[in-house]
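Summary of the model geometry
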Amino acid sequence: MAKVLIVEDDEVIAEGMARHLSEAGFEPIRVSNGTQGLARLRYERPDVCIVDLMLPGTDGWHLIESARREGIGTPIVVVSARGTEHDRVHALEIGADDYLVKPFSMKELVARVQANARRGPRAEQMERGEAIEIEELRVDPREVQAFVHGESAELTPTEFRLLYALALERGRVVTRDELLQRVWGRRETHRDRTVDVFVRKLREKIDRRSQDHSFIQTRYGVGYKLEAQQK
């Protein structure tokens, strides 16, 4: 029986989620604050974690960032009343796998949890190997950060995972589907623009900082590769 950790301080909502998940064959675990949620996530490694963002103690943002920084690959589904595009994109950037805006259908929640449970956990964040240097770009897995001309590119954890996946295959075109599987743990679906959105962010933070080269190259209709090209 798959375990689902529910980190939600609204007792009525938490009870409703737990009941519907239990009826769908899951084993729900409920906690009401982020500090307890992060501790249970660390030591119990549930199959899926449902997280509200506005929590007492450790908030949902910090919980997600801490989990991904520590290499915890449990799929995280955010449920929040915060429904702006900025909130949704930021949650995905820092490592969430899915996002539902309150109020939501419990049937949809169960379906999202089932889909994430099927995908399984992400791979551990990355092996802490040697830094990869390409001209003035340094991709350092030990720092979980990239540097251009010696200055931090200020990448989010997800942006770094994408850049590192490309760096490991430097010079080779990596398809969107490959990148989705490696970084987000899912297969490409029709009109899924996730990879393209994050590549655009990498270009803003990497290519614009470089005085000499562009690094993120596009093979139209296929995918992307990391290769230094003179500006």
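So, here is what we can say about the structure in this document. Everything numeric in this text was worked out from a predicted model, so none of it was measured.

Rules of the game
- Residues numbered from 1 in each chain as written.
- Predicted model: local features only at pLDDT ≥ 70, side-chain atom pairs only at ≥ 80, totals over all residues.
- Heavy atoms only, no water.
- Salt bridge = Lys/Arg side-chain N within 4 Å of Asp/Glu carboxyl O.
- Helix = DSSP H or I, 4+ residues; strand = E, 2+ residues; numbered from the N terminus.
- Buried < 20%, exposed > 50% of the residue type's maximum accessible area, 1.4 Å probe, protein only.
- Pairing = 2+ DSSP bridges.
- Axes fitted to C-alpha atoms, helices over the stretch in contact; angles between N-to-C directions.
- Contact = heavy atoms within 4.5 Å.
- 1 Å grid on protein atoms, 1.4 Å probe; cavity = no way out; pocket = protein on both sides within 12 Å on 5 of 7 lines; lining within 4 Å.
- Points joined across faces, edges and corners; volume = space filled by probe spheres on them.
- Nonpolar A, V, L, I, M, F, W, Y, C, P; charged D, E, K, R; others polar.
- Right-handed = clockwise from strand over helix to strand, strands pointing away.
- Core = buried A, V, L, I, M, F, W, Y, C linked by side-chain atoms within 4.5 Å.

Scanning the model with the defined rule gives 18 salt bridges in all. Between E44 and R40 there is a salt bridge, with the nearest N and O atoms lying 2.4 Å from each other. Separated by 4 residues within a single helix, E44 and R40 lie in helix α2 (residues 34-44), roughly one turn from each other. Note on R40: relative accessible area 31%, which makes it partly exposed. The partner of E169 in a salt bridge is R172, and the shortest N-O contact between them spans 3.0 Å. R172 sits in the partly exposed class, given a relative accessible area of 34%.

Let us now look at the pairing of strand β11 (residues 213-219). Counting buried positions along β11 gives 5 out of 7 residues, so the element sits mostly inside the fold. In this structure, β11 lies alongside strand β12 (residues 223-230), joined through 6 bridges in antiparallel fashion. Of the residues in β12, the one forming a bridge with Q217 is K225. Counting the residues between successive antiparallel strands, the hairpin from β11 to β12 contains 3 residues, one of them, G221, with a positive phi of roughly 80 degrees.

Next up on the list: the sheet that holds strand β3 (residues 48-51). Read from one edge of the open sheet, 5 strands run β2-β1-β3-β4-β5, paired in parallel fashion. The two strands at the open ends of the sheet, each matched to only one other strand, are β2 (27-31) and β5 (98-101). Direction aside, the axes of adjacent strands within the sheet are offset by 20 degrees on average. Sheet topology note: the β3/strand β4 (residues 76-80) ladder contains 3 bridges and is parallel. Its bridge partner lying in β4, I50 is registered against V77. Running at roughly 155 degrees to β5, helix α4 (residues 85-93) makes contact with β4 and β5 of the sheet. Taken strand by strand, helix α5 (residues 106-119) contacts β1 (3-7), β3, β4 and β5, and its axis lies near 175 degrees from that of β5.

The next subject is the layout of surface pockets. If you add up the space inside the largest pocket, you get close to 350 Å³. Around the largest pocket, the lining is made up of 16 residues, and of these L92, D97, D98, Y99 and R112 lie nearest the centre. Among the residues forming the lining of the largest pocket, the class breakdown is 7 nonpolar, 2 polar and 7 charged.

As a further point, take the pairing of β4. Among the 5 residues in β4, 5 count as buried, and that is most of the element. Along β4, one buried face is formed by I76, V78 and S80 and the opposite face, lined by V77 and V79, is buried too. In this region the chain leaves β3, passes through helix α3 (residues 60-69) and returns to the parallel neighbour β4; the handedness of that crossover is right-handed. The pairing of β4 with β5 spans 4 bridges and is classified as parallel. Note that in β5 the partner of V79 across the bridge is L100. Handedness of the crossover joining β4 and β5 through α4: right-handed.

So, about the nonpolar core. Ranked by size, the top nonpolar core spans 29 residues in total, and within it L163, I206 and L226 carry the most contacts. Per-element tally for this core: the top contributor is helix α6 (residues 157-168), with 7 residues. The residues contacting L226, other than those within four sequence positions of it, are I134, L137, L163, L166, A167, R170, G171, F215 and I216. Among the nonpolar cores identified, the runner-up in size contains 21 residues, and L38, V51, L55 and A91 belong to it.

In short, shape yes, function no, at least from these values alone.
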